[in-house]
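Below, each chain spelled out in residue letters.
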Amino acid sequence: MLNVKRAYNFNAGPSALPLSVIEKAQAELADFKGLGMSVMEISHRSKDFDAVHNQTISLMKELFRIPENYEVLFLQGGASLQFAMVPLNFLAPGKKAAYCLTGSWSEKAFKEAKIVGDAYEAASSKDTNYSYIPALSALKYDQDSAYLHITTNNTIFGTEWQEYPETGSVPLIADMSSDILSRPVDISKFSLIYAGAQKNLGPSGVTLVIARRDLLEKANPKLLTMLSYGTHVKNNSMFNTPPTFGIYMMGLVLQWVKEQGGVDAIYKHNVAKAALVYDTIDASEGFYKGHARPDSRSLMNITFRLGSEELEKKFLAEAKTAGFVGLNGHRSVGGCRASAYNAVPYEACQALKDFMIKFQKENN
Ligand SMILES: *Cc1c(COP(=O)(O)O)cnc(C)c1O
């Protein structure tokens, strides 16, 4: 794929994939490992796919430093099905589940939990249109709660937890869809982590679940087969046909993360990328205004506004002409959002910075 013109892709999800991953997939698409077939055309029960599947699991364990007492699953239905599976499996009658409400996705998770059972609010930042992450000391939950649920990165509002609560005997469950593998995480603090793949891990269609066995042992055993974590654990995520191509692509993305130096190196890179844009916002003397409170800023989704909607329209139109994709903010915040996931190159953020400075000069 020589000389291909790649966009400055700031899409919120599905989002940028590393070019080398796209090229590798392309190179082995028609003939995977000499089989005369693509990876999409082979049986999920074959030893060739089994190798892909288990290699992807072991890379995930290695790169994210997942301890031995955790299971790694590849499910379907997106993070949105996890909103339901979590309470179905772990919110027993007579128990209550605590939710931190830091944006639209956590509100959606909360809504599903309330359909299943007794769920309550542990904290919320709705008062300022979710512009911050509540202080750990402000979380209010009972020690006998079934679990505490957090959304580690709020994709729409551009906020991210900088540290995680110590929940003691209360299982901590996290939706990490939009910042998984972007920074090192002490997995042992969490009982369960889930993430749709389409932001940092690969194409849409696969959902990663990392779950500690002591929590899995407490799951409701009387569930419909496909909704029970136990089914997927027992069958190494192959109770039914898994999303084989997505798992293969995730494996290639993880291999790429490894080649970049692993999660620590990726994190440093992400800090430098986000700083290019945040520093531009901060140096603009109010021309650009960040939505997130500075202590809650996300490294993945950078949300900002301009002085008027008219100016924002002009900014987005000129950005589009200049080759930038996906800078429109979500309608619940308005303005602009630059999603700088792992696969977004430093050069794209540098180009955005240059564009923002130029636009300000021309429109101030
Ligand atoms: C994108 C996203 C979701 C939704 O994921 P689906 O896979 O589309 O269900 C949920 N939570 C967060 C934090 C997200 O960023």
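Figured I'd write up the structure that's included with this text. (Residues numbered from 1 in each chain as written. Predicted model: local features only at pLDDT ≥ 70, side-chain atom pairs only at ≥ 80, totals over all residues. Heavy atoms only, no water.)

**Section: the pairing of strand S8 (residues 172-175)**
Logical step 1: Burial along S8 is two-sided: Leu172 and Ala174 and Ile173 and Asp175, pointing in opposite directions, are all buried.
Logical step 2: Where strand S5 (residues 147-151) lies against S8, four bridges are found, and the strand directions are parallel. Note on S8: the bridge partner recorded for Thr151 is Asp175.
Logical step 3: Sheet topology note: the S8/strand S9 (residues 192-196) ladder contains three bridges and is parallel. Paired with Ala174 across the bridge in S9 is Ile193. (Buried < 20%, exposed > 50% of the residue type's maximum accessible area, 1.4 Å probe, protein only. Helix = DSSP H or I, 4+ residues; strand = E, 2+ residues; numbered from the N terminus. Pairing = 2+ DSSP bridges.)

**Let's talk about the sheet that holds strand S11 (residues 289-290)**
Logical step 1: One open sheet holds the three strands; their spatial order is S11-S12-S14, and the pairing between them is antiparallel. What marks the edges here is a single partner per strand, and that holds for S11 and strand S14 (336-339).
Logical step 2: With two bridges connecting them, S11 and strand S12 (residues 301-305) associate as antiparallel partners. Following the sheet pairing, Gly290 is matched in S12 by Phe304.

**Re the site of the ligand**
Logical step 1: By nearness alone, 13 residues border the ligand, and Ser80, Thr155, Asp175, Gln198 and Lys199 come closest of all.
Logical step 2: Separating an oxygen atom of the ligand from a side-chain N or O atom of Thr155 is a distance of 2.5 Å.
Logical step 3: Within the side chain of Lys199, one N or O atom sits 2.7 Å away from an oxygen atom of the ligand.
Logical step 4: For the ligand, the protein covers 87% of the area, taking 390 Å² as the surface of the free molecule.
Logical step 5: Of the residues forming the shell around the ligand, the biggest block, four residues, is contributed by helix H3 (residues 78-90).
Logical step 6: Of the residues that constitute the shell around the ligand, the class distribution is three nonpolar, eight polar and two charged. (Near = heavy atom within 4 Å. Polar contact = N/O pair within 3.5 Å; in protein donor to acceptor, adjacent residues only side chain to side chain. Areas by Shrake-Rupley, 256 points an atom, 1.4 Å probe, with all protein chains shown as cover. Nonpolar A, V, L, I, M, F, W, Y, C, P; charged D, E, K, R; others polar.)

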